[in-house]
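# Residue-level structure breakdown
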Number of protein chains: 2
Amino acid sequence: MTNMLLASTSTMFGSAFLEYLLPELEIFFENVDTITFVPYARPSGASHDSYTQTAQEAFKKIGKKVVGIHTYDSAIEGLEKAEAIFVGGGNSFVLLNAIYENGLLEPLRERIKAGIPYLGSSAGINLVGKSIATTNDMPIVYPPSFLALHMVPFNFNAHYLDPDPKSTHKGETRETRIQEFHTYNETPVLGLREGNWIRVQGNDYTLCGPGTVRLFRKGKAAEETDLIPSE
Amino acid sequence: MTNMLLASTSTMFGSAFLEYLLPELEIFFENVDTITFVPYARPSGASHDSYTQTAQEAFKKIGKKVVGIHTYDSAIEGLEKAEAIFVGGGNSFVLLNAIYENGLLEPLRERIKAGIPYLGSSAGINLVGKSIATTNDMPIVYPPSFLALHMVPFNFNAHYLDPDPKSTHKGETRETRIQEFHTYNETPVLGLREGNWIRVQGNDYTLCGPGTVRLFRKGKAAEETDLIPSE
């Protein structure tokens, strides 16, 4: 049974990395000693170490160890040895590209299906959607495909922002962009605002945090709802 | 000699399509009767017609005819018959994908090199950069490559927005995203704000409109400048 905690953002304004989620993570990782961190959404090299350190400092507060998947001889080995997975945010194109390069797409899918606790934030939730085609990120690398893990029957739009009625900027709003996505795609899109997360336990999807999500379906008006579409 | 007018946006807040640029366009298209419009950045079908109509209405004010490239038997034929080209804004992934699908990349490059007047706005300027890897658009279709016309020695970031010091949103700023681009790429990036355009005449690049551009180079601090890098 899948067991995921999918958060729009790792960090709320004015608070430390994961701080707002720690009480929830203490429960989510109750039976876990060590969390395997996937830092791939940040550029490779030194930044993988420093990003992992940020995660280590956050999880220390609830008594959990964190090990970077990049410290194993191979990412496959890191995944095999993992008790739990945390995929952090950054750039979704960089993340998905690294998942493909390391041959992790199918092995990761299998472990999630088998029930490994999976925590994702920002790019880390785009990765469990059908594709990354509704990311806000800049396409700074060209991945072999936009298709992602497809562990939920929709795409995410992380850090969802409502249109600013006072804006004079002529770039498209988030809502317009997602409507354009639906001229080419059928997949529903979940606009998840900062401060919200989804708990997935098998087919049971629960919205957590304040308010509702904005759900976009092809050919329908966008709606505010707390009912998350499951399979 | 290349002859291009490259505008960050087609439309300024509170004014009609191209309105702010019409005095400039009257000069730019002085020796042109008919402009061939490329509406590909908008979803196909009816929207190509309506988008072309919008362009027709704007250019009517300065006595120019506009014909959609999609109305020819083939896009290649449309390009061959063109006196001048206007590539309108929309989604850069959709635009570049259509350019590839219609086999236009190399023929369009040749015509621009040969000096056909080229007007681009928004996605239409991303198209003349080295790649679309610094677009703000949502990746709603997967093009065969991010590589674009490369008629200028940099990438654009259209609708460039300065960071909002009052923002509490944790999504990345435009500047952060472009810095991340430079962890993978050498290409300079020109942040062009709404209301600015670049006139290109061979190797002569002139910034027009108020203020400066924000120029990002790998390994250097971003700078405000009116000197546009040419070959």
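Residues numbered from 1 in each chain as written. Chains lettered and ligands numbered in written order. Predicted model: local features only at pLDDT ≥ 70, side-chain atom pairs only at ≥ 80, totals over all residues. Heavy atoms only, no water.

### Focus: the overall build of chain A
If you tally the helices and strands in chain A, you get seven helices and eleven strands. Taken over C-alpha atoms, the radius of gyration comes to 17 Å for chain A, in line with the 17 Å a tight globule of 231 residues would show. With the principal axes as the frame, chain A shows a C-alpha extent of 45 × 35 × 35 Å. The 231 residues of chain A split such that 59% are buried. For chain A, long-range pairs separated by at least 24 residues make up 70% of all intrachain contacts whose partners lie at least 6 apart in sequence. Summed over its atoms, the accessible surface of chain A is roughly 9300 Å², and 49% of this surface lies on carbon and sulfur atoms. Both charge centroids of chain A, one from 20 positive and one from 27 negative side chains, sit 3 Å from each other. (Helix = DSSP H or I, 4+ residues; strand = E, 2+ residues; numbered from the N terminus. Rg over C-alpha atoms; globule rule 2.2 N^0.38 Å. Buried < 20%, exposed > 50% of the residue type's maximum accessible area, 1.4 Å probe, protein only. Contact = heavy atoms within 4.5 Å. Areas by Shrake-Rupley, 256 points an atom, 1.4 Å probe, with all protein chains shown as cover. Lys, Arg positive; Asp, Glu negative; His and termini not counted. Charge placed at Lys NZ, Arg CZ, Asp CG, Glu CD.)

### As for the pattern of salt bridges
What the rule picks out here adds up to 18 salt bridges over all chains. The residue D162 of chain B makes a salt bridge to R193 of chain B at a minimum N-O spacing of 2.9 Å. You can see D162 of chain B sitting in the loop between β6 (155-157) and α7 (174-184) and its partner R193 of chain B sitting in the loop between β7 (189-191) and β8 (197-201), a full 31 residues away along the chain. Exposure remark for R193 of chain B: the relative accessible area of 16% places this residue in the buried category. It is possible to trace a salt-bridge network through shared partners that takes in D162, E175, R193, R214 and E224 of chain A. (Salt bridge = Lys/Arg side-chain N within 4 Å of Asp/Glu carboxyl O.)

### A closer look at the sheet that holds strand β6 (residues 155-157) of chain A
All names here are of chain A. An order of β6-β7-β10-β11 is seen for the four strands of this open sheet, with the pairing classed as mixed. Strands at the two margins of the open sheet, each flanked by one partner only, are β6 and β11 (223-225). Strand-to-strand twist across the sheet, computed as the mean angle between neighbouring axes with direction ignored, equals 30 degrees. Two strands pair when backbone bridges link them, and strand β10 (residues 213-216) and β11 are joined in this way by three bridges, in the antiparallel orientation. The partner of L215 across the bridge, within β11, is E223. (Pairing = 2+ DSSP bridges. Axes fitted to C-alpha atoms, helices over the stretch in contact; angles between N-to-C directions.)

### Examining α7 of chain B
Inspection of α7 of chain B places R174, E175, R177, I178, E180, F181 and H182 of chain B among the buried residues, and these make up the whole buried set. Of the surrounding secondary structure, the elements contacted by the buried residues of α7 of chain B are β6, β7 and β10 (213-216) of chain B.

### Topic: the interface of chain B and chain A
Across the boundary between the two partners, chain B contributes 44 residues, which contact 44 residues of chain A. On the surface where chain B and chain A come into contact, there are two salt bridges. Between R177 of chain A and D137 of chain B there is a salt bridge, with its nearest N and O atoms 3.8 Å apart. Taken together, the connections running from chain B to chain A amount to eleven residue pairs in polar contact (both at pLDDT 80 or more). Of all the secondary structure elements, the ones that give two or more residues to the side of chain B that touches chain A are α4 (92-101) and α7 of chain B. When residues in the side of chain B that touches chain A are grouped by element, the largest group, seven residues, is from α7 of chain B. (Polar contact = N/O pair within 3.5 Å; in protein donor to acceptor, adjacent residues only side chain to side chain.)

### What to know about the nonpolar core
Membership of the largest hydrophobic core comes to 109 residues, with the highest contact counts inside it found for L6, F156 and I198 of chain A together with L6, F156 and I198 of chain B. Contacts of L6 of chain B, omitting those with residues within four sequence positions, involve Y118, G120, I125, V128, V152, F156, L192, N196, W197, I198 and V200 of chain B. (Core = buried A, V, L, I, M, F, W, Y, C linked by side-chain atoms within 4.5 Å.)

### Points about the pairing of strand β5 (residues 117-121) of chain A
In summary, the side chains of a regular strand alternate between the two faces of the sheet. Residue and element names in this part refer to chain A. Across the five residues of β5, five count as buried, placing the element largely inside the fold. Residues P117, L119 and S121 line one face of β5 and the alternating positions Y118 and G120 line the opposite face, and both faces are buried. Sheet topology places strand β4 (residues 85-87) next to β5; three bridges connect them, and they run parallel. Bridge pairing in β5 links F86 to L119.

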